[in-house]
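Coordinate analysis (summary)
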2 protein chains.
Amino acid sequence: VGWARQPNGPSVQEYLEKALLRITKEKISVIGAGRTDAGVHAAAQVANFKTKASLKIEEFKRAINGNLPAGIQIAKAEEVPIKFHARFSAKWREYVYQIVIMEEKPIFLDRYTYHLRKKVNVKKMREAIRFLVGKHDFSAFAAGEEDHSRVRRLIDLEITQGKIALYPGVKERQAAALVFRVKANGFLRKMVRLMIGTLLEVGRGKISPDQVKQILKSKDNQLSGAAAPARGLILNKIDY
Amino acid sequence: VGWARQPNGPSVQEYLEKALLRITKEKISVIGAGRTDAGVHAAAQVANFKTKASLKIEEFKRAINGNLPAGIQIAKAEEVPIKFHARFSAKWREYVYQIVIMEEKPIFLDRYTYHLRKKVNVKKMREAIRFLVGKHDFSAFAAGEEDHSRVRRLIDLEITQGKIALYPGVKERQAAALVFRVKANGFLRKMVRLMIGTLLEVGRGKISPDQVKQILKSKDNQLSGAAAPARGLILNKIDY
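Residues numbered from 1 in each chain as written. Chains lettered and ligands numbered in written order. Predicted model: local features only at pLDDT ≥ 70, side-chain atom pairs only at ≥ 80, totals over all residues. Heavy atoms only, no water.

**Observations concerning the overall build of chain A**
Each helix and strand in chain A was counted, giving five helices and eight strands. Its C-alpha atoms give chain A a radius of gyration of 19 Å, near enough to 18 Å, the size a compact globule of 240 residues would have. Summarising its shape, the C-alpha atoms of chain A cover approximately 60 × 45 × 30 Å along the three principal directions. The buried share of chain A, reckoned over its 240 residues, is 46%. (Helix = DSSP H or I, 4+ residues; strand = E, 2+ residues; numbered from the N terminus. Rg over C-alpha atoms; globule rule 2.2 N^0.38 Å. Buried < 20%, exposed > 50% of the residue type's maximum accessible area, 1.4 Å probe, protein only.)

Below, the structure is given as structure tokens:
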């Protein structure tokens with residue numbers, strides 16, 4: 001059900017805390033850098049915890065991985081200063097959003113891409129992006145309750161047009177692809193997906209680039225487009 | 001459970017025949033070019049059927065796709081001469097086998113690749129391949145009961161070393177990859193996976209390239225290596 005512990009199903013956080021309970025016999029709270037929703041791929045999630053256990057760091061990694069289900073793993077483990085906080089110490093985060101454009105269903109890519117049947121106008125989307133980059137109140141692109149301030153600094157939002165191999169080992173079978181890279185000092189809930197959903201409305205000609213500027217200014221999340229589906233979204237990098 | 005109709009679960013063939021029954025009210029037998037096993041990805045499967053229904057070919061495609069589950073689709077449909085037989089008319093088939101080599105689990109690629117933690121000796125595997133290419137009795141690389149002749153012409157078996165993106169839209173996150181391409185006029189049951197499993201034993205230094213020659217000559221499938229896992233195997237092309 002995504003990163004955050006919650007009643008309606010097992011979360012990544014819960015799996016980690018259960019693994020740590022088994023290993024250390026301590027009731028440990030794991031702090032994650034980003035609370036990715038269900039269906040979003042947290043390839044570069046960072047999490048920290050405090051413990052009195054005296055295991056070496058590589059032993060911790062091996063022991064936790066031995067207690068996790070197939071879709072979750074610790075890729076790298078290191079000791080950090082006691083004041084390190086996975087969420088608050090982060091300087092910026094980068095998400096990638098993958099779209100594949102083809103007539104058929106992209107069966108091999110389906111879990112990690114959003115599928116469009118028709119081309120969208122990338123030039124118009126880039127015009128709209130200019131209004132989003134910078135320090136703004138992003139309330140119009142936020143879902144649900146949020147912390148005190150909704151001001152974030154959107155460092156970069158770029159679109160790359162290219163080709164995606166239908167399966168990675170074969171170069172001759174490709175589909176058109178759009179890859180969004182979004183970098184900010186922090187993100188509000190569903191912010192990336194709401195921005196991309198809105199930009200796709202621009203790309204489809206349903207709204208103009210200028211309207212994106214108005215939506216941002218309105219601070220009203222009823223005006224933004226529908227959130228793009230979770231499966232295309234990947235947490236790609238966090239910098240400290 | 002793979003292509004072929006069988007009692008222990010729904011097969012691709014069964015789904016297609018059920019869709020055709022719904023559309024045409026005829027009990028139609030669908031003939032597939034290759035009987036891929038469960039877990040093998042039939043990206044380029046070809047199948048044919050005969051019908052008295054008068055739908056146009058594009059209507060057939062749309063109607064069948066509307067009656068198939070998420071993991072199966074008709075990518076292309078065309079009318080063929082009445083004597084066309086998806087299996088017997090095929091000149092050659094090509095399979096691709098994808099291996100990713102990395103320390104961590106390749107979570108995003110897991111369904112479509114086989115995962116190795118350590119490098120294998122590609123030079124030695126290529127030496128062994130020389131004994132396999134050509135027209136031979138491939139009994140040593142066949143599972144279970146088979147048709148009259150086990151002679152097949154292995155047209156090509158090549159290994160490409162390269163990089164695979166962990167998710168296709170991002171180029172900076174890559175893992176080492178080995179991609180096998182195997183082309184033959186026809187394949188015996190599990191032949192590709194048994195050949196690759198045996199070649200990997202060569203690559204790991206467990207058997208010598210010369211021993212592959214002996215295994216082929218023996219016609220004894222007790223001597224070949226364990227079949228490489230289904231998930232790395234993709235039916236990539238069939239030529240008529």
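**Here we look at unusual backbone geometry**
Even without being glycine, lysine 219 of chain A reaches a positive phi, approximately 60°. With respect to the helices, strands and loops of the structure, lysine 219 of chain A is situated in the loop between helix 5 (209–218) and strand 8 (233–239). Of note in the backbone geometry, lysine 190 of chain B takes a positive phi value of approximately 60° without being a glycine. Tracing the chain through its elements places lysine 190 of chain B in the loop between strand 7 (174–184) and helix 4 (191–203). Since its relative accessible area comes to 30%, lysine 190 of chain B is described here as partly exposed.

**Describing the interface of chain B and chain A**
Between chain B and chain A, the contact holds 32 residues from the first and 33 residues from the second. Put simply, chain B and chain A have two salt bridges between them. Across the pair glutamate 172 of chain B and arginine 181 of chain A runs a salt bridge whose closest N-O atoms are separated by 2.9 Å. Remark: the boundary between chain B and chain A carries 14 residue pairs in polar contact (both at pLDDT 80 or more). Within the residue set of the side of chain B that touches chain A, elements represented by two or more residues are strand 3 (92–101), strand 7 and strand 8 (233–239) of chain B. A breakdown of the residues in the side of chain B that touches chain A according to their chemical character gives 18 nonpolar, six polar and eight charged. (Contact = heavy atoms within 4.5 Å. Salt bridge = Lys/Arg side-chain N within 4 Å of Asp/Glu carboxyl O. Polar contact = N/O pair within 3.5 Å; in protein donor to acceptor, adjacent residues only side chain to side chain. Nonpolar A, V, L, I, M, F, W, Y, C, P; charged D, E, K, R; others polar.)

**Topic: the relation of the copies chain B and chain A**
The two copies are related by a screw motion: chain B maps onto chain A through a turn of 180° and a shift of 0.0 Å along the axis, at an RMSD of 0.0 Å. What we have between these two chains is a two-fold relation. Judged by C-alpha distance, proline 168 of chain B is the residue of chain B that lies nearest the rotation axis, at 3.7 Å. When you check the interface residues of chain B against chain A, 100% turn up at the interface there too, and the contact is symmetric in its surfaces. (Least-squares fit on C-alpha atoms with pLDDT ≥ 70 in both.)

**Some details on the packing of helix 3 (residues 122–132) of chain B against helix 4 of chain B**
Residue and element names in this part refer to chain B. Between helix 3 and helix 4, whose axes approach to 8 Å, the crossing angle comes to 140°. For the element pair helix 3 / helix 4, the angle class is oblique. Seen along the crossing, helix 3 lies across helix 4 with a hand that is right-handed. Of the residues in helix 4, those touching helix 3 at Lys124, Met125, Ala128, Ile129 and Leu132 are Met195, Leu199, Leu200, Val202 and Gly203. Within the contact of helix 3 with helix 4, the residues separate by chemical class into eight nonpolar, one polar and one charged. (Axes fitted to C-alpha atoms, helices over the stretch in contact; angles between N-to-C directions. Parallel < 35°, antiparallel > 145°, perpendicular 65-115°, else oblique. Left-handed = near helix turned anticlockwise from the far one by under 90°.)

**Here's the deal with the confidence of the model for chain A**
Chain-level statistics for chain A give a pLDDT mean of 95 and a share of 99% at 70 or above. With pTM at 0.93, the complex prediction returns an ipTM value of 0.89. (pLDDT = per-residue confidence, 0-100.)

**Quick notes on the pairing of strand 3 (residues 92–101) of chain A**
All names here are of chain A. Of all 10 residues that make up strand 3, 10 are buried, and the element is covered over most of its length. The side-chain alternation of strand 3 yields two buried faces, one formed by Trp92, Glu94, Val96, Gln98 and Val100 and the other by Arg93, Tyr95, Tyr97, Ile99 and Ile101. As paired strands, strand 3 and strand 8 are joined by six bridges and run antiparallel to one another. Across the sheet, residue tryptophan 92 finds its bridge partner in strand 8, namely aspartate 239. (Pairing = 2+ DSSP bridges.)

**A closer look at helix 5 of chain A**
Given 3.6 residues per helical turn, the α-helix brings residues three or four places apart onto the same face. Residues and elements named next belong to chain A. Of the residues making up helix 5, those classed as buried are Pro209, Val212, Ile215 and Leu216. One side of helix 5 carries all its buried residues, which in axial view fall inside an arc of 100°. Where the residues of helix 5 are buried, they touch helix 3 (122–132), strand 5 (134–137) and helix 4 (191–203). (Arc of directions from axis to C-beta.)

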